[in-house]
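Descriptive analysis of the structure
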Amino acid sequence: MPPARFRLPISAIILGALGLIALVGGFFALAGLLKPVHPLLNRDGGLALVVSGIALVLSGSFPLAIAYLSAERNPVD
């Protein structure tokens, strides 16, 4: 029997992309580059964006791990 094909879940793509956007924005805010845009994007707001970005990336890893494990599942003999 051929091995199951691994398919990347759309939820992992969406959550990963949103997480990377939040991480990049958070690092820019921590560097002080976004303070002229809005006063809430100071160091504290940047730290909140970094933490949210990490949480989004880790949330996207769950469906990815489940899809990977189900693709490698072998039938019981």
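Described in the following lines is the structure provided in the data block. Since we're looking at a predicted model, the values are computed, not measured. (Residues numbered from 1 in each chain as written. Predicted model: local features only at pLDDT ≥ 70, side-chain atom pairs only at ≥ 80, totals over all residues. Heavy atoms only, no water.)

1. With respect to helix α1 (residues 10-30)
Its 21 residues give α1 an end-to-end C-alpha distance of 30 Å, which sits within 8% of 30 Å, the value for a rise of 1.5 Å per residue. Turning to α1, its buried residues number three or more, namely Ala12, Gly16, Gly19, Ala22, Leu23, Gly25, Gly26 and Ala29. For α1, the elements touching its buried residues are α2 (43-71). Downstream of α1 by a residue or two, Gly32 has a phi angle that is positive, lying close to 90 degrees. (Helix = DSSP H or I, 4+ residues; strand = E, 2+ residues; numbered from the N terminus. Expected span 1.5 Å × (residues − 1). Buried < 20%, exposed > 50% of the residue type's maximum accessible area, 1.4 Å probe, protein only. Contact = heavy atoms within 4.5 Å.)

2. Some details on the packing of α1 against α2
Running from amino to carboxyl end, α1 crosses α2 at an angle of 160 degrees, the nearest separation of the two axes being 7 Å. Relative to α2, the element α1 is oriented roughly antiparallel. Note that α1 runs across α2; the crossing there is left-handed. For the contact of α1 with α2, the residue count by class is 17 nonpolar, 9 polar and 1 charged. (Axes fitted to C-alpha atoms, helices over the stretch in contact; angles between N-to-C directions. Parallel < 35°, antiparallel > 145°, perpendicular 65-115°, else oblique. Left-handed = near helix turned anticlockwise from the far one by under 90°. Nonpolar A, V, L, I, M, F, W, Y, C, P; charged D, E, K, R; others polar.)

3. Some thoughts on the environment of Ala48
The topology assignment puts Ala48 in helix α2. Counting along the chain gives 19 residues from Ala48 to Ala29, while the straight-line C-alpha distance between them is 9.8 Å.

4. Re a nonpolar patch on the surface
Residues Phe6, Leu8, Ile10, Ile13, Ile14, Leu18, Ile21, Leu64, Tyr68 and Leu69 make up a contiguous nonpolar surface patch of about 980 Å² in total accessible area. Per element, the largest residue contribution to the nonpolar patch is 5 residues, and it comes from α1. If you trace the backbone, Ile13 turns up in helix α1. (Patch = residues over 30% accessible without salt bridge, like charges linked within 9 Å, V, L, I, M, F, W, Y side chains within 5 Å. Areas by Shrake-Rupley, 256 points an atom, 1.4 Å probe, with all protein chains shown as cover. Salt bridge = Lys/Arg side-chain N within 4 Å of Asp/Glu carboxyl O.)

5. Examining the environment of Ala22
Relative to the assigned elements, Ala22 resides in helix α1. Since its relative accessible area comes to 12%, Ala22 is described here as buried. The spatial distance from the C-alpha of Ala22 to the C-alpha of Val57 is 9.6 Å, given a sequence separation of 35 residues.

6. A closer look at α2
Compared with the 42 Å implied by 1.5 Å per residue over 29 residues, the 42 Å span of α2 between its first and last C-alpha is a close match. Residues of α2 that are buried: Gly45, Gly46, Val50, Gly53, Gly60, Ala67 and Ala71. The inward-facing, buried residues of α2 abut α1. Where α2 begins, one side-chain oxygen reaches toward the backbone nitrogen of Asp44, 3.3 Å away; that side chain belongs to Asn42. (Polar contact = N/O pair within 3.5 Å; in protein donor to acceptor, adjacent residues only side chain to side chain.)

Interpretation note: all reported values are geometric properties and have no functional meaning in isolation.
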